[in-house]
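Chain by chain, the residues run as shown.
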Amino acid sequence: MTTPLRRRVLIGVVVVWVVFLVGAPIIALTVGAFSSGFGAVLEALSATDSVSALAFSLALATIAVAVNTVFGTIAAWVLTRDRFRGRTILLASVDIPFAISPVVVGLCFILLFGPHGWFGPWLKAAGIQIVFSWPAMALATVFVSLPFVVREVSLALVEAGTDEEDAARTLGASSLAVFWRITLPNIRAGLLNGVLLTSARALGEFGAVLVVSGGIAELAETGTLFVFRALDDRRDVAAYAMALALAAITMAILGALFVVRRRAAHSPVRTREVLR
Amino acid sequence: MSVIGRGLSKRFAKAARPAIHSVDFNAPSGSITTLLGPSGSGKTTVLRIVAGLEIADAGNVSIVGEDVTAVPPERRGVGMVFQSYALFKHMNVADNIAFGLSVRKEPKDAIKARVNELLELVQLDGLGDRWPSQLSGGQRQRVALARALAIRPRVLLLDEPFGALDARVRIELRDFLRRLHDETHLTTLMVTHDQDEALELSHHVVVMNEGRVEQAGAPHDIYDHPATPFVAAFVGGANVLRGHVTDGRAEVGSFSVDLPTGATEGAAATAFVRPHDVKIAPVPDEGTAARSVTNDAPEVALAKIERLVRVGGMVKVTLKLPSDESMTVEMPKSEIDALSLSEGDRVMVDLRQAKVFVEDYAI
């Protein structure tokens, strides 16, 4: 019997791989943060600049989730339900934010909205500040987390098919009523999946936000930028504490995702009752 | 309450040929009309255009004399049943049936009463709080039917309503639908590829092929007087024998069949004969007698019984003709027993019931 042995070796390799790549950094982070004691972590996290950085990160993530949920759902709807010229190209270009380095994304926004960018003079004349301020950071965060909702909702829409929607139309429902009463309940699990992934990605964004923020501290600093600056300033405990806080939030989101996926995988009837 | 389609055409994007091409049909008030055809014949496209779920490139649809071509589906007053049932998975049975009434914002009490009435009608009393996933295929389709009927539609549209069901449930539901129609006389337009279903259930049949109407008429008309070779072959599962016109007769395989005068010499001729329209008889006396019979009646040929399969009360006989073609014959078990025939026997085959089409050479 060679198979069980081969299986056991494979399982062992996977376990070691995951523990080293995922587990070890988190353990190191936790140990590093608490090396000066629990009190030091709490103190570092309750400092004004860390509280505002964390709050700013959550605000940016909220904006990204709100924008990408609405436009992602609309985009997924159009891309799966309509047939038009250029549809497949559009579908493929939804993944561009995954393919481009966030630093390059940030650079693109500078080239568009910076003082010497395409819209720079016009924005300046209108008195609107985008780059080196929060609007650009929000734009960058929205951009890098764009694909999740589109992808998850597209999959859910394809799986749900159009028969139920057609049936609802013939029964007298307007297209808006069909969306709220038939389509949305059918894609709810996929949408939730997309929202959770979007928020996790938005919280973790660093490169694009760093470039468009122009490095102006305190005024517009996210959690990840805080970690970067604290390390530079040799405030190790503050850096570890913030990193740990960000990791904890993301882990909570992934935990929620796990629960959603498990429910969706089990009895569909019960999931729908629970999600209702 | 009739449904009339005039000159309906539709070509889907990127399709090589139109899904339907100037289709005319008439589904008379109070009767069941069936669009019958193989898959890809465009029958479902016609049904979806009637429902308003597809928009025709040309032509118009009228329901009860009102031109509904530009009316959106939610205001056409049609009830539609889909092959996939299309029940709302996240609603229980009662909510599914109530959907059309609740989007019309009817009072709650009235909705509840109507739902119970329909549950009773489709014999699912007490199952209102079940989820669609807890029902059998036949039950699901009855829920779909109840949901479509709840809105008191002017017309009932059925898209392959029995397609996803097993044979026994299919026949059960077919009888149920027939009884239901006898009570309600709701104008019904059904799509099916199953000719038994079409012939048994409907008052009118519209046979479609490759996006066009081949023939429309009463079921027995379609069956007894097929207007085109396609209808002859598709309805009734006929044997097909090909040949040519020679001396004003169709020479097909080992047979020579009478033709009306005026057939073009040499034109391609095709004979269609249904398995139970073929008459076979034992050879009277080996040799000369048989030959004289086939000479006197050229529609008769000698053949050998290759296979003899008993299916219930019927016997399916596969014959090998002298021209090496095969032919299927169906006859009651008692008949074959009376003739005491078995595999390997030689028989006389009578093709007088064949329907012959001669290719039109007119230019």
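Conventions and cut-offs
Residues numbered from 1 in each chain as written. Chains lettered and ligands numbered in written order. Predicted model: local features only at pLDDT ≥ 70, side-chain atom pairs only at ≥ 80, totals over all residues. Heavy atoms only, no water. Pairing = 2+ DSSP bridges. Helix = DSSP H or I, 4+ residues; strand = E, 2+ residues; numbered from the N terminus. Axes fitted to C-alpha atoms, helices over the stretch in contact; angles between N-to-C directions. pLDDT = per-residue confidence, 0-100. Contact = heavy atoms within 4.5 Å. Salt bridge = Lys/Arg side-chain N within 4 Å of Asp/Glu carboxyl O. Polar contact = N/O pair within 3.5 Å; in protein donor to acceptor, adjacent residues only side chain to side chain. Nonpolar A, V, L, I, M, F, W, Y, C, P; charged D, E, K, R; others polar. Core = buried A, V, L, I, M, F, W, Y, C linked by side-chain atoms within 4.5 Å. Buried < 20%, exposed > 50% of the residue type's maximum accessible area, 1.4 Å probe, protein only. Domains from an automatic or database assignment. Buried area = accessible area lost by both parts, 1.4 Å probe. Phe/Tyr/Trp six-rings, centres within 6.5 Å; stacked < 30°, edge-to-face > 60°. Lys NZ or Arg CZ within 6 Å of the ring centre and 35° of its normal.

### Structural notes on the sheet that holds strand 10 (residues 212-217) of chain B
All names here are of chain B.
Then step 1. With mixed pairing, six strands are arranged side by side in an open sheet as 6-7-8-3-9-10. Whereas interior strands pair on both sides, the edge strands pair on one side only; in this sheet they are strand 6 (78-81) and strand 10. In this sheet, neighbouring strand axes are inclined to one another by 15° on average, regardless of whether the strands run parallel or antiparallel.
Then step 2. Bridging between strand 3 (residues 32-36) and strand 9 (residues 204-209) involves four bridges; their strand directions are parallel. Bridging across to strand 9, Thr33 finds its partner in His204.

### Looking at the confidence of the model for chain A
Residues and elements named next belong to chain A.
Then step 1. Here chain A averages 85 in pLDDT, and 93% of its residues register 70 or above.
Then step 2. Taken element by element, the predicted model of chain A shows its lowest mean pLDDT in helix 15 (residues 268-275) (43) and its highest in helix 10 (residues 163-170) (95).
Then step 3. Low pLDDT (under 50) marks residues 267-276, which in the prediction has 17 contacts with non-local residues, meaning those over four places away or in another chain.

### A closer look at the interface of chain B and chain A
Then step 1. Each side of the interface is counted separately: chain B has 26 residues, and chain A has 20 residues.
Then step 2. In this assembly, chain B and chain A are joined by three salt bridges.
Then step 3. Taking the shortest distance from any N to any O, the salt bridge between Asp166 of chain A and Arg48 of chain B comes out at 3.0 Å.
Then step 4. Our count for the contact surface shared by chain B and chain A stands at seven residue pairs in polar contact (both at pLDDT 80 or more).
Then step 5. Only helix 1 (43-51), strand 6, helix 2 (93-102) and helix 4 (137-150) of chain B provide two or more residues apiece to the side of chain B that touches chain A.
Then step 6. Taken together, the residues of the side of chain B that touches chain A sort by class into 16 nonpolar, five polar and five charged.

### A closer look at the nonpolar core
Taken as a class, soluble globular proteins show a tendency for nonpolar side chains to be buried jointly.
Then step 1. Ranked by size, the top nonpolar core spans 40 residues in total, and within it Phe25, Phe99 and Leu157 of chain B carry the most contacts.
Then step 2. If you tally residues by element for this core, the top one is helix 1 of chain B, at five residues.
Then step 3. In contact with Phe99 of chain B, not counting residues within four places along its chain, are Ala168, Leu171, Ala173, Arg181 and Ile182 of chain A together with Phe88 and Met91 of chain B.
Then step 4. Grouped together as the second largest cluster of nonpolar side chains are 35 residues, Val115, Leu149, Leu158 and Leu180 of chain B included.

### Considerations on the domain arrangement of chain B
Frequently, the measure chosen for interface size is the accessible area that the parts lose on association.
All names here are of chain B.
Then step 1. According to the domain assignment, chain B consists of domain 1 (3-234) and domain 2 (239-358).
Then step 2. Spacing between the C-alpha centres of domain 1 and domain 2 amounts to 40 Å.
Then step 3. A per-residue breakdown of the area domain 1 buries against domain 2 is headed by Tyr223, Pro229 and Ala232, which together make up 65% of the total.
Then step 4. Where domain 1 packs against domain 2, one counts zero salt bridges.
Then step 5. The tally of links between domain 1 and domain 2 comes to two residue pairs in polar contact (both at pLDDT 80 or more).
Then step 6. Among the elements that make up the side of domain 1 that touches domain 2, the one with the highest residue count is helix 8 (residues 229-234) (three residues).
Then step 7. Here the side of domain 1 that touches domain 2 is composed, by residue class, of six nonpolar, one polar and no charged.

### Brief notes about the packing of aromatic side chains
Then step 1. Inspection of the entire model under this criterion finds eleven aromatic pairs over all chains.
Then step 2. Measuring from centroid to centroid gives 6.0 Å for Phe109 of chain A and Phe143 of chain A, while their planes differ by 85°, and the two rings are edge-to-face. With Phe109 of chain A in helix 6 (residues 102-113) and Phe143 of chain A in helix 8 (residues 134-144), this residue pair connects regions lying 34 residues apart in the sequence.
Then step 3. Put simply, the rings of Phe109, Phe113, Phe119 and Phe143 of chain A touch in pairs and so form one group of aromatic residues.
Then step 4. Of note, Arg147 of chain B hangs over the ring of Phe88 of chain B, and the distance from its end group to the ring centre comes to 4.4 Å.
Then step 5. Between the NZ or CZ atom of Arg274 of chain B and the centre of the ring of Tyr223 of chain B, over which it lies, the distance is 3.8 Å.

### A closer look at the pairing of strand 17 (residues 314-320) of chain B
Residue and element names in this part refer to chain B.
Then step 1. Alternating positions in strand 17 separate cleanly, Val315, Val317 and Leu319 being buried on one face and Met314, Lys316, Thr318 and Lys320 remaining unburied on the opposite face.
Then step 2. As judged from the seven bridges shared by strand 16 (residues 300-311) and strand 17, these two strands associate in the antiparallel manner. Opposite Val311, over in strand 17, you have Met314 as the bridge partner.
Then step 3. Counting the residues between successive antiparallel strands, the hairpin from strand 16 to strand 17 contains two residues, one of them, Gly312, with a positive phi of roughly 60°.
Then step 4. With seven bridges joining them, strand 17 and strand 18 (residues 326-332) adopt antiparallel strand pairing. Residue pairing in the sheet places Lys316 in a bridge with Glu330 of strand 18.
Then step 5. Here strand 17 folds back onto strand 18 in antiparallel fashion, the turn holding five residues, of which Asp324 has a positive phi close to 80°.

### What about the side chain of Thr183 of chain A?
Residues and elements named next belong to chain A.
Then step 1. By secondary structure assignment, the location of Thr183 is in helix 11 (residues 175-204).
Then step 2. Accessibility expressed as a relative area gives 1% for Thr183, which makes it buried.
Then step 3. When neighbours within four sequence positions are excluded, Thr183 is seen to be in contact with Trp77, Leu157, Glu165 and Val178.

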